Amino acid sequence: MPTLTTPAPDRTAAPLRIGPHPVAPPVVLAPMAGITNAPFRTLCREFSGGKGLFVSEMITTRALVERNEKTMQLIHFDATETPRSIQLYGVDPVTVGKAVRMIAEEDLADHIDLNFGCPVPKVTRKGGGSALPYKRNLLRAIVREAVTGAGDLPVTMKMRKGLDDDHLTYLDAGRIAVEEGVTAIALHGRTTAQHYGGTADWDAIARLKEHVPEIPVLGNGDIWSAEDALRMVRETGCDGVVVGRGCLGRPWLFADLVAAFEGRTDAFVRPTLREVADVMVRHATLLGEWIGDEARGVIDFRKHVAWYLKGFAVGSEMRKRLAITSSLEALRAGLDELDLDQPWPAGADGPRGRTSGNNRVVLPDGWLKDPYDCAGIGEDAELDTSGG
């Protein structure tokens, strides 16, 4: 594993609990479609020493209830994962309730998170994800069904500030969550219109914490380093952090986060390119084992190549070559041609992943007419495939 060094934190967060589950340090891996599958969660947990909470990629409730083959694979957890955490997407209270009861009765997970934060048009045009909290009564009905169906399992929710600056929903949604028995709330400090552009509004996280002091509030957005996480907790008073794009190509960020919150001064990971290459091969190997096919695993890994190599001196042609490999042998051979003794590059912890912003919010027809009327949700609103 990469060697570990770091400055002491200014402050650590108070102990965080998600229902009966302690989360120490208070760090959560954000669900990301096509990313936070079992192999990636395994890597992150290895670097964290098993500390923190690692959430599955988004699962569609209809697909789960119908036992879609791909979805049933996505909810597979390694025997060492605890607590097992599933994020659900749904827009129909009845279907959400069925999915949650299925999880509880069949012991499929230990924690359920509800997705009210996805800004992707294919989701919002159905009234789901970050579009849904605008419909307060629908939000309440879904949360109520989930909490009731979950029994003893804790239910949390992740959301955004609102649709845009003229249609903010996070304070109302936070109050509904408290009233309906949600265990904790995560807030991404951006609107749907922002997608992943601009700067996350950490002040909104602070306002939500003040608004719902009864339950933990976790902050999300623009955490690219352990220092960012400590600063968010210090500046907002939030109870923990949710890390998404910051760990793309950087699963060792969770080692940094553990060290920072525990106040250790000698444990930030600054890997050489050789150590990064070893992690890349392990990641691709885990994907192949999970899928059951080495070539498909390496192909699935391709999207991670640019994230891992960001900041290192690797030519564009080699980057392209590594991004089209289809075997572990070819991936390893290509990596071995690089100058693997390169030290960790300065400034390599900046933004990665999607950064687009100022997007038109795609909503169902008439969605904005009444923030309480639930009309407009069609039978096709429950997507039949997982993702987002």
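The structure presented is a predicted model; accordingly, all values stated were derived computationally and were not measured. (Residues numbered from 1 in each chain as written. Predicted model: local features only at pLDDT ≥ 70, side-chain atom pairs only at ≥ 80, totals over all residues. Heavy atoms only, no water.)

Trainee: How would you summarise the nonpolar core if you had to cite specific residues and measurements?
Mentor: The biggest cluster of nonpolar side chains holds 114 residues, and the ones touching the most others in it are L88 and M157. Every residue in contact with L88, bar those within four places of it in the chain, is listed here: I59, T61, L64, A99, V100, I103, I112, D113, L114 and N115. In this structure, L16, V28, L53 and A186 belong to the second largest nonpolar core, which totals 11 residues. (Core = buried A, V, L, I, M, F, W, Y, C linked by side-chain atoms within 4.5 Å. Buried < 20%, exposed > 50% of the residue type's maximum accessible area, 1.4 Å probe, protein only. Contact = heavy atoms within 4.5 Å.)

Trainee: If you had to explain the packing of aromatic side chains to someone new, which residues and values would you point to?
Mentor: A complete count under the given rule lists six aromatic pairs for this structure. Residues F47 and W252 carry aromatic rings whose centres are separated by 6.2 Å and whose planes lie at 70° to one another, so their mutual orientation is edge-to-face. Highlighted residues: F47 in helix α1 (residues 38-48) and W252 in the loop between β11 (240-243) and α10 (253-262), separated in sequence by 205 residues. Relative to W344, the ring of F312 has its centre 5.8 Å away and its plane inclined at 80°; by these criteria the two rings are edge-to-face. Pair noted here: F312 is in the loop between α13 (305-309) and α14 (316-322) and W344 is in the segment after α15 (328-336), with a separation of 32 residues, a long-range link. Residue W344 is classed as buried on the basis of its relative accessible area, which comes to 14%. Members of the aromatic cluster, connected to one another through ring pairs, are F47, W252, F301, Y308, F312 and W344. The ring of W367 has K135 sitting right over it, with the charged end atom 5.0 Å from the ring centre. (Phe/Tyr/Trp six-rings, centres within 6.5 Å; stacked < 30°, edge-to-face > 60°. Helix = DSSP H or I, 4+ residues; strand = E, 2+ residues; numbered from the N terminus. Lys NZ or Arg CZ within 6 Å of the ring centre and 35° of its normal.)

Trainee: Can you explain the environment of E106? Please cite residues and give values.
Mentor: Turning to its location among the elements, E106 is positioned in the loop between α4 (93-105) and β7 (111-116). Among the polar contacts listed, one links the side chain of E106 to the side chain of R67, at a separation of 2.4 Å. (Polar contact = N/O pair within 3.5 Å; in protein donor to acceptor, adjacent residues only side chain to side chain.)

Trainee: Describe empty space enclosed by the protein, with residues and values.
Mentor: The calculated volume of the largest cavity comes to roughly 130 Å³. Counting only elements with at least two residues in the lining of the largest cavity, the list comes to β3 (27-29), β7, β8 (155-160) and β9 (184-188). Residues that form the lining of the largest cavity fall into these classes: 13 nonpolar, two polar and two charged. When its volume is computed, the second largest cavity comes out at roughly 60 Å³. In terms of lining, the second largest cavity is formed by 12 residues, of which the most central are W224, W252, L253, D256 and D349. Residue composition of the lining of the second largest cavity, by class: five nonpolar, two polar and five charged. (1 Å grid on protein atoms, 1.4 Å probe; cavity = no way out; pocket = protein on both sides within 12 Å on 5 of 7 lines; lining within 4 Å. Points joined across faces, edges and corners; volume = space filled by probe spheres on them. Nonpolar A, V, L, I, M, F, W, Y, C, P; charged D, E, K, R; others polar.)

Trainee: An account of the confidence of the model for the protein is requested, with residue identities and associated values reported.
Mentor: In this model, the protein carries an average pLDDT of 91, and 90% of its residues clear a pLDDT of 70 or more. Within the model, pLDDT remains below 50 along residues 1-13, and this stretch shows 44 contacts once partners closer than five positions in the same chain are excluded. Counting contacts from residues 384-388, a segment whose pLDDT is below 50, to residues more than four positions away or on other chains yields 21 contacts. (pLDDT = per-residue confidence, 0-100.)

Trainee: Which residues make up unusual backbone geometry, and what values go with them?
Mentor: Trans is the common state for peptide bonds, and a negative phi is the common state for residues other than glycine. The linkage connecting A24 with the following residue, P25, adopts the cis geometry, with an omega of -5°. As for its placement among the helices and strands, P25 is situated in the loop between β2 (21-23) and β3. With omega at -5°, the peptide bond leading from T82 into P83 counts as cis. In this structure, P83 sits in the loop between α3 (69-74) and β6 (85-89). For H195, which is not glycine, the phi torsion reads 50° and is therefore positive. Mapped onto the elements, H195 comes out in the loop between β9 and α8 (202-211).

Trainee: Lay out helix α12 (residues 294-301) in plain terms, naming residues and giving numbers.
Mentor: Among all positions of α12, only G297, V298 and F301 are buried. Projected onto a plane normal to the axis of α12, the buried residues spread over an arc of 95° and lie on a single side. Buried residues in α12 make contact with α11 (273-291), α13 and α15. The N-terminus of α12 is capped by D293, whose side-chain oxygen sits 3.0 Å from the backbone nitrogen of A295. (Arc of directions from axis to C-beta.)

Trainee: Pulling in residues and values, what's your account of the sheet that holds strand β4 (residues 53-54)?
Mentor: The strand order across the open sheet built from nine strands is β4-β3-β11-β10-β9-β8-β7-β6-β5, with neighbouring strands paired in parallel fashion. Looking at which strands have only one partner, the edges of the open sheet turn out to be β4 and β5 (59-60). Across two bridges, β3 lies against β4 in parallel orientation. Each bridged residue has a counterpart across the sheet, and for L29 the counterpart in β4 is F54. In the packing of α4 onto the sheet, contacts are made with β6 and β7, and the angle to β6 comes to roughly 165°. (Pairing = 2+ DSSP bridges. Axes fitted to C-alpha atoms, helices over the stretch in contact; angles between N-to-C directions.)

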